[in-house]
Amino acid sequence: MKLLKWLDDHLEEALIAIIICVIALLMMTQIILRTFFKASLSWSDETCRYLFIWAAALGISYSTQKGIHLRMDILPNLVKPLERPLMVLCDIVLTAFALYLLGPGFQVLAQLAQTGQKAAATRIPMYFIYASMWVGLVLSIIRVAERYLKKLYFLISRREKAEE
């Protein structure tokens with residue numbers, strides 16, 4: 001149960017940290033090989049590029065979970081009574097946009113899987129690279145739903161305590 005709680009709180013954060021560490025190690029290795037040994041890895045640049053794409057896609061979900069995604073907050077800051085309704089509206093728009101992109105995104109993934117296209121240097125199937133955005137969007141939808149389920153649970157439990 002502790003592991004599930006930890007994953008719920010830190011999944012994206014941990015994956016992004018691991019990805020960034022791998023990118024740093026690969027880039028450092030490439031620099032050392034080129035500088036001191038006049039050699040290089042043929043696949044490291046491409047791997048770093050694709051790992052960065054995955055980190056960015058996971059960042060969508062991470063920022064959604066933490067409530068730090070980009071949004072216009074000038075109006076909520078100016079008119080405090082509108083702050084909560086506007087934040088709810090932001091979550092609705094984010095969820096609607098993510099849901100809208102899932103359909104075409106899945107079609108692209110299916111098409112790439114069908115064609116069997118692979119990356120040039122690493123031979124990684126391209127659908128794996130493109131799946132990053134789809135995973136980020138699905139996790140974002142889950143994080144928004146999770147936020148409101150927690151709020152609902154809190155309200156219900158508070159109401160039950162008040163009735164006792």
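Data block above holds the structure.
Calculation rules
- Residues numbered from 1 in each chain as written.
- Predicted model: local features only at pLDDT ≥ 70, side-chain atom pairs only at ≥ 80, totals over all residues.
- Heavy atoms only, no water.
- Helix = DSSP H or I, 4+ residues; strand = E, 2+ residues; numbered from the N terminus.
- Buried < 20%, exposed > 50% of the residue type's maximum accessible area, 1.4 Å probe, protein only.
- Axes fitted to C-alpha atoms, helices over the stretch in contact; angles between N-to-C directions.
- Parallel < 35°, antiparallel > 145°, perpendicular 65-115°, else oblique.
- Left-handed = near helix turned anticlockwise from the far one by under 90°.
- Nonpolar A, V, L, I, M, F, W, Y, C, P; charged D, E, K, R; others polar.
- Contact = heavy atoms within 4.5 Å.

This paragraph deals with the environment of Gly-103. Mapped onto the elements of the fold, Gly-103 is located in helix 4 (residues 83-115). When its relative accessible area of 36% is taken as the criterion, Gly-103 is described as partly exposed. Distance from Gly-103 to Ala-120, taken between C-alpha atoms, is 27 Å for residues 17 residues apart in sequence.

The next subject is the packing of helix 1 (residues 2-37) against helix 2 (residues 44-66). Across the interface, helix 1 lies against helix 2 with an axial gap of 9 Å and an inter-helix angle of 160 degrees. The angle between helix 1 and helix 2 places the two elements in the roughly antiparallel class. Relative to helix 2, helix 1 is oriented so that their crossing is left-handed. Classifying every residue of the contact of helix 1 with helix 2 by side-chain character gives 14 nonpolar, six polar and seven charged.

Turning next to the side chain of Gln-30. Structurally, Gln-30 is set in helix 1. On the basis of relative accessible area, Gln-30 is assigned to the buried category, the value being 4%. Apart from residues lying up to four places away in sequence, Gln-30 is in contact with Ser-40, Leu-41, Ser-44 and Asp-45.

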